[in-house]
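# Tertiary structure, described
Here is what each chain is made of, one letter per residue.
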Amino acid sequence: MRLFDTHAHYYTEQFDEDREAVLTGLPGKGVELVVCPGCDLESARQSLVLAERFPFLYFAAGLHPENLGGAALADLEAVKKLCAHPKCVAVGEIGLDYYWLKTPEERSNSRDFFDAQLSLAEELDLPAIVHDRDAHKDTLDIVRAHPKARGVFHCCALSAEDAKVAVDKLGWMVSFTGNVTFKNARRALEVIAAVPLDHIMIETDSPYMAPEPFRGKRCDSGYVYRVAETIAQIKGLSTEEVAEATFQNGLRFFHIPDPAKEENK
């Protein structure tokens, strides 16, 4: 069984003491690919360095809504330069967060950045990794305004109805973290049931969202199998089937060559 963790933040301080050991150990746990999205310019640059060191790791560059303090739209030129790196596979992590951003000014600014970064994704023909917290309507409205953009709602918090719109009408993907294993995960499980498997990816959002029975611990990509197990239970499939399907979905979405085929060349 091979696994693709499509969203993990390995530049964070939670990995400062053992980052090398954690990343080196992932292939032995069946984790063959990882995407590490930045949240600002510095974390995107750190992710680039990690991607150059570890063949199985790719990165994304973007400005997260919680990291816009002091940022200017002109900073997107630096994001664009990072996206030119051969191991950059997406614009992200970008989006809207109305849980943390409370004032009209903050929310308006985040919408401007989200809109501009989706335009950048369209320009560069890269997918977008989208964060959406308590901002579903505005997020979907901005996505609709960019019909050439393709992307994923990471750690999907959409309702089943909105998720079907995102998948069926907009052609976007949805991705799930370890929180699908939590007891209160009703909405996410409804989305998994409603959305076809070929539009689903799996992730950990490491170091956050460790699944049960590891909840409360630092998360890493070695736990992503628990997300596959949960999806398999809902879909009536084996974990191996879900792991391979989501692996292929990730390859297709990020335009990454299959490592198995590369080895056989």
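Quick look at the structure, then. (Residues numbered from 1 in each chain as written. Predicted model: local features only at pLDDT ≥ 70, side-chain atom pairs only at ≥ 80, totals over all residues. Heavy atoms only, no water.)

### Thoughts on the overall build of the protein
Just so we agree on the cut-off: The secondary structure listing takes helices from DSSP runs of H or I that are at least 4 residues long and strands from runs of E that are at least 2 residues long, numbered from the N terminus. Between the two quantities, the radius of gyration covers C-alpha atoms and the globule rule is 2.2 Å times the number of residues to the power 0.38. For every residue, the accessible area (1.4 Å probe, protein chains only) is compared with the maximum for its type, and the residue is labelled buried under 20%, exposed over 50%, or partly exposed between those bounds. The contact criterion used is simple: two residues touch if any of their non-hydrogen atoms lie within 4.5 Å. To measure how exposed things are, a 1.4 Å probe is used in the Shrake-Rupley method; for residues, cover is taken only from the protein chains shown.
The helix and strand tally for the protein stands at ten helices and eight strands. Over its C-alpha atoms the protein spans a radius of gyration of 17 Å, differing by no more than 12% from the 18 Å that the globule rule assigns to 265 residues. Going through the 265 residues of the protein one by one, you find that 57% of them count as buried. Look at the contacts in the protein between residues 6 or more apart in sequence, and 72% of them connect residues 24 or more apart. By element, 50% of the accessible surface of the protein is carried by carbon and sulfur atoms, the whole surface being about 11,600 Å².

### So, the sheet that holds strand 7 (residues 173-176)
Our working rule: Think of it this way: DSSP has to see at least two bridges between two strands before they count as a pair. In this analysis an axis means a line fitted to C-alpha atoms, helices contributing only their contacting stretch, and an angle means the value between N-to-C directions, from 0 to 180 degrees.
Here eight strands make up an open sheet; going across it, the order is 1-2-3-4-5-6-7-8 and the pairing parallel. In this open sheet, the two strands that pair with only one neighbour each are strand 1 (3-5) and strand 8 (200-202). Ignoring which end each strand starts from, the neighbouring axes of this sheet average 25° apart. By the bridge criterion, three bridges tie strand 1 to strand 2 (residues 31-37) in an arrangement that is parallel. Following the sheet pairing, Leu3 is matched in strand 2 by Val31.

### Points about the nonpolar core
Quick reminder of the rule: Here, nonpolar core refers to any group of buried Ala, Val, Leu, Ile, Met, Phe, Trp, Tyr and Cys residues whose side-chain atoms link them within 4.5 Å.
Grouped together as the largest cluster of nonpolar side chains are 71 residues, with contacts concentrated most on Tyr10, Leu57, Leu118, Phe153, Phe176 and Ile231. Not counting the four nearest positions on each side in its chain, Leu118 is found in contact with Ile94, Ala128, Ile142, Val143, His146, Ala149 and Trp172. Leu33, Val35, Ile129 and Phe247 belong to the second-largest nonpolar core, a separate cluster that totals 16 residues.

### So, the pattern of salt bridges
Stated formally: Salt bridges are defined as contacts in which a side-chain nitrogen from Lys or Arg sits within 4 Å of a carboxyl oxygen from Asp or Glu.
Throughout the structure, instances matching the rule amount to 13 salt bridges. One salt bridge connects Asp18 with Arg218, and the closest N-O pair in it is separated by 2.8 Å. Residue Asp18 is found in the loop between strand 1 and helix 1 (19-25), and its partner Arg218 is found in the loop between strand 8 and helix 8 (225-235); the two are separated by 200 residues along the sequence. Residue classification places Arg218 among the partly exposed positions, given a relative accessible area of 30%.

Taken by themselves, the reported measurements are silent on function.
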